[in-house]
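# Tertiary structure, described
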Amino acid sequence: MAKQRILSGVQPTGNLHLGNYLGAIRNWVEVQENYDNFFCVVDLHAITVPHDPKILAKDTYTIAALYLACGIDLNNSTIFVQSHISAHSELTWLLNCITPLNWLEKMIQFKEKALKQGENVSVGLLDYPVLMAADILLYDADKVPVGDDQKQHLELTRDIAVRINDKFGKKKEPILKLPEALIRKEGARIMSLTDGTKKMSKSDPSELSRISLLDSPDVINKKIKKCKTDPLKGLEFDNPERPECHNLLTLYSLLSGKNKEEVKAECSEMGWGQFKPLLTETTIEALKPIQEKYQEIMDNQGYLNGVLKEGKEKAEAVANNTLSRVKKAMGYLTLN
Ligand code: ATP
Ligand code: LTN
């Protein structure tokens, strides 16, 4: 039986942090053997908030190299850049014309990001989830592994697909496949180091709020030393009064590979002075192989270019096929 397909992506808007890794990419790596995978660097999404043209290409390389460094295996997976495949933009337009405006106005991420932008909110920011729907639907993806914050966008993607199928498809032959979100409970929402009630995010102005996958041991040490804690004795999971404590124990559990029970047994009697060095050491050790592999890949730009060129060809064939199907169903003229 053919393998089910996975599609997912990350925006090239700065270095990846532990939230991106534990909420998304680590899960891609864990399940990749069982699926036919497409992993995209979503550079068209990266310009929905003001961006710097001088670093967009460099950041795109960084994210692609980090996919490989984190363990994405080209035997099961295709890595490509969203803007290299024009079908993403074209399908977005077609989907735009059947998507009600008020669906987009309800999106939580739009509301949060629009608030941060003040006067400067682009049409692109509002349209962001439709572009994401196009990314997913073009590949007939069965599963989309993401962090918890993307759940609403996945629901919207399904709603858009249903609308296309209802308007233009036949009952027994849907045009677009309905994808499912793949959200792992552990790590789906890693919180900021400076505020345990806010998610760790690339766009937080404070560098101290996140650990990047490429942070040096010194920087990791400094960030964990300064991270927010509380004055209570002992360490515990799941106490809503202690969001930072829950988050730091979760990080330790995920990065050490020890389950919750093991972490409880090891850490519940500890104070912060004992736990912080342990978390620091564990984080440095977990990131070391990723950083070494990343450096190797970045030292060989020819190799990375080759990966992305091959990725483009493979992805384009699939995407163009779906786009033609949709255009045909919508009644576009084709010349033979
Ligand atoms: P920004 O905060 O600037 O919007 P981001 O840090 O959320 O960026 P994205 O590129 O939007 O990064 O997200 C890439 C993937 O990482 C998505 O699957 C997203 O759900 C996941 N992710 C992002 N932040 C976290 C987090 N704090 N915990 C778990 N998963 C996360
Ligand atoms: N919106 C996503 C990034 C993204 C994505 C996708 C994720 C764009 N297109 C397709 C999965 C599938 C985010 O993480 N902020």
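The sections below set out a description of the structure shown in this document. Sequence order as written defines residue numbering, which begins from 1 separately in each chain. Written order decides the labels, with chains lettered from A and ligands numbered from 1. A pLDDT threshold of at least 70 governs which residues receive local features in this predicted model, and a stricter bar of 80 or more applies before side-chain atom pairs are shown or counted, although totals over entire chains, interfaces and linings include all residues. Water and hydrogen atoms were dropped before computing side-chain values, which therefore reflect all heavy atoms in the structure.

Secondary structure elements are defined from DSSP: runs of H or I of at least 4 residues count as helices, runs of E of at least 2 residues count as strands, and each element is numbered from the N terminus. Tallying secondary structure elements over the protein chain gives 12 helices and five strands in all. A compact globule built from 336 residues would reach a C-alpha radius of gyration of about 20 Å, and the protein chain, at 21 Å, matches this within 12%. Along the three orthogonal principal directions, the C-alpha set of the protein chain runs to about 70 × 45 × 45 Å. With 336 residues in all, the protein chain has 49% of them scored as buried. Atoms considered for the radius of gyration are the C-alpha atoms alone. The globule rule reads 2.2 Å times the number of residues to the power 0.38. Relative accessibility decides the category of a residue: with a 1.4 Å probe and only protein chains considered, values under 20% of the type maximum give buried, values over 50% give exposed, and everything between is partly exposed.

So, about the packing of helix 3 (residues 87-96) against helix 12 (residues 301-329). Note on geometry: axes are C-alpha line fits, over the in-contact stretch for helices, and angles between N-to-C directions span 0 to 180 degrees. As a packed pair, helix 3 and helix 12 sit with axes 10 Å apart at the nearest point and diverge in direction by 25°. Classified by the angle their axes make, helix 3 and helix 12 are roughly parallel. For the crossing formed where helix 3 meets helix 12, the hand is left-handed. Residues Ala 87, Glu 90, Leu 91 and Leu 94 of helix 3 form the contact with helix 12, whose participating residues are Ala 319, Asn 320, Leu 323, Val 326 and Lys 327. Taken together, the residues that form the contact of helix 3 with helix 12 break down as six nonpolar, one polar and two charged. Should an angle fall under 35 degrees it is called roughly parallel, over 145 degrees roughly antiparallel, and 65 to 115 degrees roughly perpendicular, with every other angle called oblique. In this scheme the handedness of a crossing depends on how the near helix is turned from the far one: anticlockwise by less than a right angle means left-handed, clockwise means right-handed. Contacts are assigned to residue pairs that have any heavy atoms within 4.5 Å of one another. Just so you know the grouping, Ala, Val, Leu, Ile, Met, Phe, Trp, Tyr, Cys and Pro go in nonpolar, Asp, Glu, Lys and Arg go in charged, and all remaining residues, Gly too, go in polar.

Let us look at the nonpolar core. Ranked by internal contacts, the top residues of the largest apolar core, which has 55 residues, are Leu 18, Tyr 67 and Phe 275. Residue contributions to this core peak at nine residues, all from helix 11 (residues 272-298). In contact with Phe 275, other than residues within four places in its own chain, are Leu 235, Leu 248, Leu 249, Tyr 252, Cys 267 and Met 270. Residues Leu 95, Leu 154, Ile 160 and Val 318 belong to the second largest nonpolar core, which totals 40 residues. Side-chain atoms within 4.5 Å link the members of a nonpolar core, which is a set of buried Ala, Val, Leu, Ile, Met, Phe, Trp, Tyr and Cys residues.

Below, the discussion takes up helix 6 (residues 123-137). Compared with the 21 Å implied by 1.5 Å per residue over 15 residues, the 21 Å span of helix 6 between its first and last C-alpha is a close match. In this scheme, the bend at a residue equals the angle between the axes fitted to the seven residues that finish there and the seven that begin there. In the structure, helix 6 departs most strongly from a straight axis at Pro 129, where the bend amounts to approximately 40°. Taking burial as the measure, the 15 residues of helix 6 include 13 buried ones, the bulk of the element. An expected span of 1.5 Å times one less than the residue number is assigned to each helix.

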